[in-house]
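# Structural overview for review
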Amino acid sequence: MGWAGTGNGVLLSLAADHGFGALVTVDRGIEHQQNVSGLPIPVVILLAVRNRLAELQPLVSGVVALLSGDLQRRVYRFPSSRILLSSRSLWATAFDSSPCRRPLAAIVR
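### Quick notes on the overall build of the chain
For the chain, the count of helices and strands is six helices and four strands. The N-to-C order of helical and strand elements in the chain reads α-β-α-β-α-α-β-α-α-β. Only carbon and sulfur atoms are counted for the fraction: they give 52% of the accessible area of the chain, which is about 7000 Å².

### Digging into the confidence of the model for the chain
Summary statistics for the chain give a mean pLDDT of 76 and a share of 72% for residues scoring 70 or more. Of all secondary-structure elements in the chain, the lowest mean pLDDT belongs to helix α6 (residues 88–96), at 38, while strand β2 (residues 43–46) reaches the highest, 92. Of the regions scoring below 50 in pLDDT, residues 82–105 engages in 27 contacts with residues more than four places distant in sequence or in other chains.

### Describing the nonpolar core
In terms of nonpolar packing, the biggest core is built from 13 residues, with Leu 12, Leu 23, Val 43 and Ile 45 touching the most fellow members. When residues in this core are grouped by element, the largest group, three residues, is from helix α1 (residues 8–17). If you look at the next biggest cluster of nonpolar residues, it comprises 10 residues, including Val 24, Leu 56, Val 63 and Phe 78.

### Section: the side chain of Arg 28
When you line up the elements, Arg 28 lands in the loop between β1 (22–25) and α2 (30–33). We note that Arg 28 is buried and unpaired, the nearest opposite charge coming from Glu 31 at a distance of 8.2 Å. At 2.9 Å, the side chain of Arg 28 and the backbone oxygen of Ala 48 are in polar contact.

### Some points on α1
Taken residue by residue, α1 has Asn 8, Leu 11, Leu 12 and Ala 15 as its buried positions. End-on, the buried residues of α1 take up no more than an arc of 100°, which puts them together on one face. Along α1, exposed side chains directed more than 90 degrees from the buried face belong to Val 10 and Asp 17. One or two positions beyond α1, positive phi appears at Gly 19, with a value near 85°.

### Concerning the pattern of salt bridges
Counted by the stated rule, this structure contains two salt bridges. Between Glu 31 and Arg 77 there is a salt bridge, with the nearest N and O atoms lying 2.5 Å from each other. Highlighted residues: Glu 31 in helix α2 and Arg 77 in strand β3 (residues 75–78), separated in sequence by 46 residues. Looking at Arg 77, the relative accessible area reads 40%, which means it is partly exposed. Residue Arg 50 pairs with Glu 55 through a salt bridge whose shortest N-O separation is 3.6 Å. You can call Arg 50 partly exposed: its relative accessible area is 45%. Classification of Glu 55 by relative accessible area gives partly exposed; the value is 25%.

Basis of the calculations
- Along every chain, residues carry numbers that run from 1 in the direction the sequence is written.
- In keeping with the predicted nature of the model, local features appear solely for residues at pLDDT of at least 70, side-chain atom pairs appear and are counted solely at 80 or more, and the whole-chain, interface and lining totals rest on all residues.
- Hydrogens are left out, water is left out, and the side-chain values use all remaining heavy atoms of the structure.
- Each helix corresponds to a stretch of at least 4 residues labelled H or I by DSSP, and each strand to a stretch of at least 2 residues labelled E; elements are numbered beginning at the N terminus.
- Computed with the Shrake-Rupley method and a 1.4 Å probe, the accessible areas treat only the protein chains shown as cover for residues.
- Residue-level confidence of the predictor, termed pLDDT, takes values from 0 up to 100.
- The criterion used for residue contact is that any of the two residues' heavy atoms lie within 4.5 Å.
- The term nonpolar core refers to a set of buried residues drawn from Ala, Val, Leu, Ile, Met, Phe, Trp, Tyr and Cys, joined through side-chain atoms within 4.5 Å.
- Only protein chains enter the calculation, and the probe is 1.4 Å; a residue is then buried if its accessible area is under 20% of its type maximum, exposed if over 50%, and partly exposed in between.
- His is not counted, nor are the chain ends; Lys and Arg add positive charge and Asp and Glu add negative charge.
- Between Lys or Arg on one side and Asp or Glu on the other, a salt bridge is scored when a side-chain nitrogen of the former is within 4 Å of a carboxyl oxygen of the latter.
- Here a polar contact is taken to be a pair of N or O atoms separated by no more than 3.5 Å, where protein atoms must pair a possible hydrogen donor with a possible acceptor and residues adjacent in sequence count only if both atoms sit in side chains.
- Each C-beta atom gives one direction from the helix axis, and the arc is the one those directions make.

Rendered as structure tokens:
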């Protein structure tokens, strides 16, 4: 679609204008970079120990279930902090790490 290199704010607007239903990303900084009260579409942030396919694949079925529901225009963290609390080491790793430098983003219709 020619959107490579597009900033998050413009990307969210383009996605909404083209009928996409949500933005799925591993960029944990997006909610601090954007005005979350004015999001044009829901944003789902994947929380994993690392942003590698092997760590993200187990989240897919849960994210699909989340996206199948009625989402509001807000930020969703998946898995939620309640799930992460069940594993202290995962909680510490997930929230003590810095946002990735090259975020992986996918737009879902």
